[in-house]
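Examining the three-dimensional arrangement
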Amino acid sequence: MTFDEIRSAILGLSEADQKKFITDVVPLIWPKLCLDDLCVAKFRELVDEATVTKYREQHYGGI
């Protein structure tokens, strides 16, 4: 498969399956591929402070 085919396949998944992809597949490839500052910075953009704050509010800070 090409990159574009893989991307289209992932975007065509249900939200639940996309979440499963992120939680099951990304951790498997992360240690092998994200070894440079640019990659780490991109992932940090995805987990911005607004997202973290919203999660903490929804889950009462883990209480």
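The structure this text deals with has already been given above.
Analysis parameters
Position labels on residues start from 1 in each chain and follow its written sequence. Given that the model is predicted, a residue must reach a pLDDT of at least 70 before its local features are reported, and side-chain atom pairs must reach 80 or more before they are shown or counted; all residues, however, enter totals for whole chains, interfaces and linings. Water and hydrogen atoms play no part in the side-chain values, which are based on all heavy atoms of the structure. A 1.4 Å probe that fits into a set of points on a 1 Å grid over the protein atoms alone but cannot get out defines a cavity; an open set with protein on both sides within 12 Å along at least five of seven lines defines a pocket, and lining residues are those with an atom within 4 Å of a point. Grid points are joined across faces, edges and corners, and a volume is the space filled by probe spheres set on the points. Each helix is a run of H or I in the DSSP string that is no shorter than four residues. Each strand is a run of E no shorter than two, and both are numbered from the N terminus. Three residue categories are used. Nonpolar comprises Ala, Val, Leu, Ile, Met, Phe, Trp, Tyr, Cys and Pro, charged comprises Asp, Glu, Lys and Arg, and polar comprises the others, including Gly. Between 30 and 60 degrees the pair is tilted, below 30 it is stacked and above 60 it is edge-to-face, where a pair is any two Phe, Tyr or Trp rings, Trp via its six-membered ring, whose centres lie within 6.5 Å. A simple rule labels every residue: compare its accessible area, found with a 1.4 Å probe on the protein chains alone, to the largest value its type can have, and call it buried under 20%, exposed over 50%, or partly exposed in between. Any two cysteine sulfur atoms within 2.5 Å of one another count as a disulfide.

Moving on: the layout of surface pockets. For the largest pocket, the calculated volume is near 680 Å³. Around the largest pocket, the lining comprises 17 residues; the ones closest to its centre are Phe21, Ile22, Val26, Phe43 and Leu46. Among the elements of the structure, helix 1 (3-11), helix 2 (15-24), helix 3 (26-33) and helix 4 (37-46) are those that each provide at least two residues to the lining of the largest pocket. Among the residues forming the lining of the largest pocket, the class breakdown is 14 nonpolar, 1 polar and 2 charged.

Counting across every chain of the model gives 1 aromatic pair. Their ring planes at 90° and their centres at 4.4 Å tell us that tryptophan 30 and phenylalanine 43 sit as a pair that is edge-to-face. Of this pair, tryptophan 30 sits in helix 3 while phenylalanine 43 sits in helix 4, and the two are 13 residues apart along the sequence. The exposure class of tryptophan 30 is partly exposed, given its relative accessible area of 32%. You can call phenylalanine 43 partly exposed: its relative accessible area is 33%.

So, on to the state of the cysteines. Tallied over the full model, the rule gives 1 disulfide. Disulfide pairing places cysteine 34 opposite cysteine 39 at an S-S distance of 2.2 Å. One disulfide, between cysteine 34 and cysteine 39, carries an S-S torsion of -125° and so falls in the left-handed class. The class of cysteine 34 is buried, set by a relative accessible area of 9%.

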